[in-house]
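Each chain, letter by letter, is given below.
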Amino acid sequence: MQPFWGRIEQAAMAEGGIGAEDALVVLALPREALWRLLDVTERVRNRFMGDAVRLCSIVNAKSGHCSEDCSFCSQSSRSEAEIPRFPLIDADSMVEAARSAKARGAREFSIVASGLSMRNREELEKVGDAVEKISGELGLETCVSLGTLPADKVEYLISRGLRSVHHNLETSRSFFPNVCTTHEYDQDVEAVRTAKMAGAWVCCGGIFGLGESDADRVELAMTLRELDVDSIPVNFLNPVEGTPAAGKRVLTPFACIKIIAMLRLVHPGREIIICGGREVNLRDLQCLMFPAGATGTMVGNYLTTSGRPGEEDQRMIADLGLSVRALCGTPAAPPRN
Ligand code: SF4
């Protein structure tokens, strides 16, 4: 059999991506292998995705009071975290949040609401009004994260200018019962399939550091490949006081880098966007997320935790010789020297 490094590069460059066995080896690599690994992942990322970085931002449009019991989430039914709880904000406030995100460099903007699914017509129309303005007036790519939406609701939002639907699987099917007991994994899988069938670009990933094993991480990566998702958001647990996950930070920065690298090698031609928990989990290794294979990151605040100032991210991207992807339909800005 071909030696490991040549084999994984060839599999990734052939676009199909590495298999589960090699993905497990990547996650088990010792620290001495870091630069060798990054050498491969950076070449793969450059070949398929170029050197422009996608910056996304979100607004927490409806917070708390969720019926679900996801262990990591401060908005869940079993969370006692002190977070703001409010019903759906008005469309103008969503648009204002998008305007500020655009000023911070974001090119994609997502409207996020807590809850298993947004089925209320009035709420959905409010989101539709905001999507239309954010896409039409601000020129941002629009995304929503509204739970398990049925096809007609996705189609309605697409008719208002929506590009992407975000819905995470969170973790592997095998580990999911340890994370959430109020709905089935298949409901999430079905939501992803439905969004794709309805014509949306699908953004679907998970959260790492919940106590899952390397095998669970690889299982999730393979499920995402089966579902043919377009973009993979990667979150690292930032345990919030008052949630069952409180005090349970287990990931090292090196483990996070290997997770990103494994995802890049399994999904050579897909977006990998590093989202919540990157500052506290990657710490000083944050800039390595790009050579490891990330093609984007979230700027500004997360749902109930704070991010770092957007200028720091813009500087990190420029210092790496990368560029920020331009608005939809325009070429990427060249890197600054
Ligand atoms: S992750 Fe989503 S579904 Fe789960 S508790 Fe939080 S808001 Fe509810």
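Residues numbered from 1 in each chain as written. Predicted model: local features only at pLDDT ≥ 70, side-chain atom pairs only at ≥ 80, totals over all residues. Heavy atoms only, no water.

Enquirer: Explanation requested: the pattern of salt bridges in the structure shown.
Expert: Pairing is possible between side chains of opposite charge, provided their charged atoms come close. One pass over the structure, following the stated rule, counts 23 salt bridges. Between Arg-163 and Glu-141 there is a salt bridge, and its shortest N-O distance comes to 3.0 Å. Of this pair, Arg-163 sits in the loop between α6 (151–159) and β4 (164–166) while Glu-141 is found in strand β3 (residues 141–145), placing the two residues 22 residues apart along the sequence. A relative accessible area of 11% places Glu-141 in the buried class. Across the salt bridge formed by Asp-186 and Arg-173, the nearest N and O atoms sit 2.9 Å from each other. In this pair, Asp-186 sits in helix α7 (residues 185–197) while Arg-173 sits in the loop between β4 and α7, placing the two residues 13 residues apart along the sequence. Asp-186 gets classed as partly exposed once you look at its relative accessible area, which sits at 44%. Exposure remark for Arg-173: the relative accessible area of 40% places this residue in the partly exposed category. Beyond isolated ion pairs, a larger network of salt bridges with shared partners links Arg-54, Glu-108, Glu-141, Arg-163, Glu-271 and Arg-325. (Salt bridge = Lys/Arg side-chain N within 4 Å of Asp/Glu carboxyl O. Helix = DSSP H or I, 4+ residues; strand = E, 2+ residues; numbered from the N terminus. Buried < 20%, exposed > 50% of the residue type's maximum accessible area, 1.4 Å probe, protein only.)

Enquirer: Just checking my understanding: could you explain the pairing of strand β7 (residues 231–236) for this structure?
Expert: With 6 of 6 residues buried, β7 lies mostly within the body of the structure. Burial along β7 is two-sided: the residues Ser-231, Pro-233 and Asn-235 and Ile-232, Val-234 and Phe-236 are all buried. Where strand β6 (residues 206–208) and β7 come together, 3 bridges link them in parallel fashion. In the sheet register, Ile-207 faces β7, and the bridge partner there is Asn-235. As a crossover connection, the stretch from β6 through helix α8 (residues 214–227) into β7 is right-handed. Pairing between β7 and strand β8 (residues 271–274): 4 bridges, direction parallel. Across the sheet, Ser-231 pairs through a bridge with Glu-271, a residue of β8. (Pairing = 2+ DSSP bridges. Right-handed = clockwise from strand over helix to strand, strands pointing away.)

The values reported here are purely geometric and, on their own, carry no functional implication.
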